[in-house]
Amino acid sequence: MLSEVLLVSAPGKVILHGEHAVVHGKVALAVALNLRTFLRLQPHSSGKVDLSLPNIGIKRSWDVARLQLLDTSFLAPEALSPTCVCLFACETEQGDVTAPTPEQVEKLKEVAGLPDDCAVTKRLAVLTFLYLYLSIFRKQRWTKEDLELINKWAFQGERVIHGNPSGVDNAVSTWGGALRYQQGKIASLKREIRKGKSRKAAPVDPRLLIPSLLYLLSKQEPIAPCVPDAAALGVGLERPPALQILLTNTRVPRSTKALVAGVRNRLLKFPEIVAPLLTSIDAISLECERVLGEMGEAPALEQYHVLEELIDMNQHHLNALGVGHASLDQLCQVTRAHGLHSKLTGAGGGGCGITLLKPGLEQPEVEATKQALTSCGFDCWETSVGAPGVSVHSATSLESRVRQALDGL
């Protein structure tokens, strides 16, 4: 029986520069955001084991003895690829595996204990974690190969949700740090390999936790021909300086598809105007990459000034492309009144923006800025970028608010 609690987290992601230009072959810079998604696996003396994902409101409980008795011989081992598991989770067809039968789908739901009305993302989160636990989390240490496996599975989840993902989100959340993306190719911001300590996880016997179906899953290799591997990324991703930022959600909904189409239409209508804008955004991304590479452990204030100028220029360019919004203009105006510099991140048209916090900024000024943004009806978080990737934690290392969220489900 598992005797210890297993706590795992992964970072979010933001785009520093290159939004929309990346669609037209230019460079985009993405960084790991230290606002993390947590997961807890907790054994109980009653013979049950709980899985908690507080960020998406999931809590599942299994009776270990009952799981061991389940007949899971209805599936052939060759069907058990990660893509196939994603198919079971979402009940849609993909081209690279044979779709499961309705009977198999119902059986898998029964084995995993998922109700009929369980949302697609919840099924996927539970089933994928069970596989990853079996194949990776039970080990004493995570190797480079383990992280590659996590990355490939996360990519399959992205395919279920987005259809044709770039691979940036899963790569940043797995490896942490920062990366650049251009024309389908993902690479670390600096092509140097950082050597660090392997992450530890509590050793357990997986057969005490999951029925034989999911134990079989641990024998299968994921099918992810498009996802970048560690060699392509220069593992681990070179960590940029620990930049402090405000992440602000304007709470204005928008359609990424519509915004991307709008930029394309503007490019077709005004090619001699829009094409230079995209080229200029590309130059901003490259200059930011250069500055981050030079900042090292002791960045100079002048380098922060350069980053602020790049933020301002990129925001003006994005407005010229037609992806700005009144809410984002308001965000920039509010932070500018406090001597700070902001830009949209992602698709624009509302959504989120980032604000760079210079070293030496007094905390009362940061709080005043956050309060001013909140007064506009926005949500605002103070955090950092360049965070570590997927990690295992001890319970005592977590902040009290995280422990409360895990206990509150």
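Bear in mind that the values here come from a model prediction, so they are computed numbers and not experimental data. (Residues numbered from 1 in each chain as written. Predicted model: local features only at pLDDT ≥ 70, side-chain atom pairs only at ≥ 80, totals over all residues. Heavy atoms only, no water.)

1. Considerations on the overall build of the chain
Regarding its fold elements, the chain presents 14 helices and 11 strands. Taking the intrachain contacts of the chain between residues at least 6 apart in sequence as the baseline, contacts between residues at least 24 apart amount to 74%. A total of about 18,600 Å² of accessible surface is found on the chain, and carbon and sulfur atoms cover 52% of it. (Helix = DSSP H or I, 4+ residues; strand = E, 2+ residues; numbered from the N terminus. Contact = heavy atoms within 4.5 Å. Areas by Shrake-Rupley, 256 points an atom, 1.4 Å probe, with all protein chains shown as cover.)

2. Quick look at the environment of I354
Residue placement: I354 occurs in strand 9 (residues 352-357). A relative accessible area of 5% means that I354 is categorised as buried. Residues I354 and L344 lie 10 residues apart in sequence; the distance between their C-alpha atoms is 6.3 Å. The residues touching I354, leaving out its near neighbours within four places in the chain, are V14, I15, L16, I245, L246, L247, H341, S342, K343 and T345. (Buried < 20%, exposed > 50% of the residue type's maximum accessible area, 1.4 Å probe, protein only.)

3. Regarding helix 11 (residues 301-321)
An α-helix turns once per 3.6 residues; consequently, residues spaced three or four apart project the same way. In a regular helix each residue adds 1.5 Å, so 21 residues correspond to 30 Å; helix 11 covers 31 Å between its end C-alpha atoms and thus fits that length. Where helix 11 is buried, its residues touch strand 1 (6-17), helix 9 (256-269), helix 10 (271-295), helix 12 (326-337), strand 8 (341-345) and strand 9. Once helix 11 finishes, G322 follows within two positions and takes phi at roughly 90 degrees, a positive value. (Expected span 1.5 Å × (residues − 1).)

4. Section: the pattern of salt bridges
Scanning the entire structure with this criterion turns up 9 salt bridges. A salt bridge links R180 to E289; the nearest nitrogen and oxygen atoms lie 2.9 Å apart. In this pair, R180 sits in strand 5 (residues 178-182) while E289 sits in helix 10, placing the two residues 109 residues apart along the sequence. Taken together, the shared-partner salt bridges connect E287, R290 and E294 into one network. (Salt bridge = Lys/Arg side-chain N within 4 Å of Asp/Glu carboxyl O.)

5. Let's talk about the side chain of T345
Within the element layout of this structure, T345 appears in strand 8. Assessed through its relative accessible area of 8%, T345 is described here as buried. A distance of 2.8 Å separates the side chain of T345 from the backbone oxygen of I15, its partner in a polar contact. What T345 contacts, discounting residues up to four positions off in sequence, is V14, I15, E19, L247, C352, G353 and I354. (Polar contact = N/O pair within 3.5 Å; in protein donor to acceptor, adjacent residues only side chain to side chain.)

6. Some thoughts on the packing of helix 10 against helix 11
Running from N to C, helix 10 and helix 11 cross one another at 160 degrees; their axes reach a closest spacing of 10 Å. It follows that helix 10 is roughly antiparallel to helix 11 by the angle criterion. Read as a crossing pair, helix 10 and helix 11 show a hand that is left-handed. Note on element contacts: helix 11 touches helix 10 through Q303, Y304, V306, L307, L310, M313, N314, H317, L318, A320 and L321, opposite V274, L277, L278, S280, I281, I284, E287, C288, V291, L292, E294 and M295. (Axes fitted to C-alpha atoms, helices over the stretch in contact; angles between N-to-C directions. Parallel < 35°, antiparallel > 145°, perpendicular 65-115°, else oblique. Left-handed = near helix turned anticlockwise from the far one by under 90°.)

7. Things to note about unusual backbone geometry
If you check the backbone angles, Q183 has positive phi at about 50 degrees while not being a glycine. Relative to the elements of secondary structure, Q183 occurs in the loop between strand 5 and strand 6 (185-188). Despite not being glycine, R251 has its phi angle at roughly 65 degrees, a positive value. Its relative accessible area of 56% is what places R251 among the exposed residues.

8. Here's the deal with the pairing of strand 1
Extensive coverage of strand 1 is indicated by the burial of 9 of its 12 residues. Note: strand 1 against strand 2 (residues 28-43), 11 bridges, orientation antiparallel. When the sheet's bridge partners are listed, L7 is paired in strand 2 with R40. In this sheet, strand 11 (residues 391-393) lies alongside strand 1 in antiparallel orientation, the contact comprising 3 bridges. Looking across to strand 11, one finds that S9 is bridged to S391. (Pairing = 2+ DSSP bridges.)

9. Quick look at the sheet that holds strand 10 (residues 379-384)
The strand order across the open sheet built from 4 strands is 8-9-7-10, with neighbouring strands paired in antiparallel fashion. Both edges of this open sheet fall to strand 8 and strand 10, since each of them pairs with a single strand only. Going across the sheet, the axis of each strand differs from the next one's by a mean of 25 degrees, ignoring polarity. Here strand 7 (residues 244-249) runs beside strand 10; their pairing, made up of 6 bridges, is antiparallel. Looking at the pairing, T248 lines up with C380 of strand 10. On the sheet, helix 11 packs against strand 8 and strand 9 and is oriented at approximately 50 degrees with respect to strand 8.

10. Comments concerning empty space enclosed by the protein
Take a probe with the size of a water molecule and roll it over the atoms, and the empty space left behind shows itself. Taken as a whole and judged by the stated rule, the model has 5 cavities of 30 Å³ or more. L16, H17, L243, I245, C288, L292, L307, I311, I354, T355 and L356 are the residues that line the largest cavity. Put simply, the parts of the chain that give the lining of the largest cavity at least two residues each are strand 1, helix 10, helix 11 and strand 9. Sort the elements by how many residues they give to the lining of the largest cavity and strand 9 lands first, with 3 residues. Of the residues contributing to the lining of the largest cavity, the split by class is 9 nonpolar, 2 polar and no charged. (1 Å grid on protein atoms, 1.4 Å probe; cavity = no way out; pocket = protein on both sides within 12 Å on 5 of 7 lines; lining within 4 Å. Points joined across faces, edges and corners; volume = space filled by probe spheres on them. Nonpolar A, V, L, I, M, F, W, Y, C, P; charged D, E, K, R; others polar.)

Such coordinate-based values are descriptive only and should not be taken to indicate function.
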